[in-house]
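# Summary of the model geometry
If you want the building blocks of each chain, they are given just below.
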Amino acid sequence: MTAELVLQIVLTVAAGLIGVGLFGALSQQSIVMVMMGLELVLNGVLLAGGAAWFSLAPELPDAQMLAVVALVVMAVEMAMGFAVTIAIYRARQVDMVDMATDLNG
Amino acid sequence: MLTDLSGWVIATVAVLGLLSVASGVAVFVVDSMARATFALLGSFLAVAGVLLAFDLVYLAVVTALMMTIEMAIMAVFMVMFMMNPAGLMPMTMVHNPKGSAVVGAGAFVVLTVGIWTIDWPARRGQLPTDSTRQLGEAVMGSHMLVMLIVGIGLFATILAGTVLATARGRYDRFGADLAARRPDDPVPGGLPR
């Protein structure tokens, strides 16, 4: 089995995670569940970064840096998501995205 | 490690990959919100295992540790904000599930077609003896700008999170111009300025 085939298989898994996460982020009503969907998308990016580093250019640290950035984005998303959830619940008792449609675009 | 592409390591990676996607699906299938949180943790741990097989020890350990703590915090938030934390009765809280499924499946199909039709370049170079050292040297050298921006972003997150999560700040207590002599507290006796 070649390194390219491993890359393709792992990237397909990452695409699966991104697809599932996208479905969750778009379909869920609870704000916390929407955040879980976004986390799954970032999980796929993290996996894809690791696979790209291993199979394409392990001499360069660029793909590792991409994975680090994905991890940081996860942390920022969680922290800000929880803060926004608390703030909007405190102000308007809103815990579902459908109850805050006036914030739409 | 996958350096020699041995059969059992590839099999382990395949199993962990399937496990990560299955856990990801379980997040949106199970009734209990606590179970959903731990299903997401399972997905992250499976990805950390794949990263470990790719010789990315530091990233794997960081992913496992960070996500374990993060999901523990998330479980608390789930119990706080969800109606059905224990999953004692079946319930769904979704909107437009068919359209969302079409978008999710469409993204998966487009990505998969791209992955299997692209003529991937051959691997350049060999694995470094220590991938953590490679990352550390990049952070402190050629890729320092990325870490500077990440640091500023995390600092801004700390400030913004604190501001958003604070129930009553000094502007609530002393007015928009901070000119009130006494703080406007629901219960008198709060700290003076």
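Higher on the page you've got the structure.
The notes below deal with the structure included here. All figures in this text were calculated on a predicted structure; none of them were measured in a lab. (Residues numbered from 1 in each chain as written. Chains lettered and ligands numbered in written order. Predicted model: local features only at pLDDT ≥ 70, side-chain atom pairs only at ≥ 80, totals over all residues. Heavy atoms only, no water.)

### Focus: the packing of aromatic side chains
In the structure shown here, the tally under the stated rule is three aromatic pairs over all chains. Taking the centre distance of 4.9 Å and the plane angle of 20° together, the rings of F54(A) and F54(B) count as stacked. With one member in each of two chains, F54(A) in helix α2 (residues 31-55) and F54(B) in the loop between α2 (33-53) and α3 (57-81) form a pair that bridges those chains. As far as burial versus exposure is concerned, F54(A) and F54(B) are alike and both buried. Measuring from centroid to centroid gives 3.8 Å for F82(A) and F77(B), while their planes differ by 20°, and the two rings are stacked. Of this pair, F82(A) sits in helix α3 (residues 62-92) while F77(B) sits in helix α3, placing the two residues on different chains. For the pair shown, F82(A) and F77(B) are each scored as buried. We note R123(B) situated over the ring of F54(A); from NZ or CZ to the ring centre the distance is 4.7 Å. (Phe/Tyr/Trp six-rings, centres within 6.5 Å; stacked < 30°, edge-to-face > 60°. Helix = DSSP H or I, 4+ residues; strand = E, 2+ residues; numbered from the N terminus. Buried < 20%, exposed > 50% of the residue type's maximum accessible area, 1.4 Å probe, protein only. Lys NZ or Arg CZ within 6 Å of the ring centre and 35° of its normal.)

### Notes on the pattern of salt bridges
A side chain of one charge can pair with a side chain of the opposite charge when the charged atoms of the two come close. All names here are of chain B. Throughout the structure, instances matching the rule amount to four salt bridges over all chains. With a shortest N-O distance of 2.9 Å, D185 and R173 are connected by a salt bridge. Of the two residues, D185 is situated in the segment after α7 (170-174) and R173 in helix α7; the sequence distance between them amounts to 12 residues. On the basis of relative accessibility, which here comes to 18%, the residue D185 falls in the buried class. If you follow the salt bridges from partner to partner, you end up with R168, R173 and D185 in one network. (Salt bridge = Lys/Arg side-chain N within 4 Å of Asp/Glu carboxyl O.)

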